[in-house]
Amino acid sequence: MTDRGPAPVDHPAFDTPTIGGMKPWTCSHWKDGKRFAITLYGTSAEQVLEDNCDALDHLSVDGELAATIPLNDDEAWAVIDAYEKSRRGSP
């Protein structure tokens, strides 16, 4: 693959979609003394906490997940290429 340089992190291919009107939220919780980072969906940070605090110890909402971007530029460009291809309706 040719080196096209860094992938533009603000490309719409990386946007994180909503599910049924719920947004993805980056969250943290502790289990067995270890911190885990997870993504939970909800209409608000408060709703995520309310719906999940009984099941997840020391749950906190760190923020709204804006995008998911591969660390490797070749992989990021592959995501962009697939997105652009799907928008054109190409097979």
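Worth saying up front: this structure is predicted, and the values here are computed from it rather than measured.

Thoughts on the nonpolar core
Note that soluble globular proteins tend to have their nonpolar side chains buried in a common cluster.
So, step 1. Counting residues in each nonpolar core, the largest one holds 7 residues, listed as W25, C27, L40, A45, V48, L56 and L59.
So, step 2. If you list the elements that add at least two residues to this core, you get β1 (23-31) and α1 (45-52).
So, step 3. Membership of the second largest hydrophobic core comes to 6 residues, among which are F14, A76, W77 and I80.

Digging into helix α2 (residues 73-88)
So, step 1. With 16 residues, α2 ought to run about 22 Å at 1.5 Å a step, and its terminal C-alpha atoms sit 22 Å apart, in line with that.
So, step 2. Every buried residue of α2 is accounted for by A76, W77 and I80. Axial view of α2: buried residues confined to an arc of 95°, hence all on one face.
So, step 3. Where α2 begins, the side chain of N72 points an oxygen toward the backbone nitrogen of D74, at a separation of 2.7 Å.
So, step 4. One or two steps after α2, the chain reaches G89, where phi turns positive at roughly 80°.

The rules we used
- All residue numbers refer to positions counted from 1 along the written sequence of the respective chain.
- Given that the model is predicted, a residue must reach a pLDDT of at least 70 before its local features are reported, and side-chain atom pairs must reach 80 or more before they are shown or counted; all residues, however, enter totals for whole chains, interfaces and linings.
- Remark: hydrogens and water are excluded; side-chain values derive from all non-hydrogen atoms of the structure.
- What is meant by a nonpolar core is a set of buried Ala, Val, Leu, Ile, Met, Phe, Trp, Tyr and Cys residues, joined one to another through side-chain atoms within 4.5 Å.
- Type-normalised accessible area, obtained with a 1.4 Å probe on protein chains alone, sets the label of each residue: buried when under 20%, exposed when over 50%, and partly exposed for intermediate values.
- Helix and strand assignments follow DSSP, with helices taken as H or I runs no shorter than four residues and strands as E runs no shorter than two, numbered in order from the N terminus.
- Working rule for helices: expected span equals 1.5 Å times residues minus one.
- Throughout, the arc means that of the directions going from the helix axis to the C-beta atoms.
- What qualifies as a polar contact is a pair of N or O atoms within 3.5 Å, subject to a donor-acceptor requirement within protein and to the restriction that residues adjacent in sequence count only when both atoms come from side chains.

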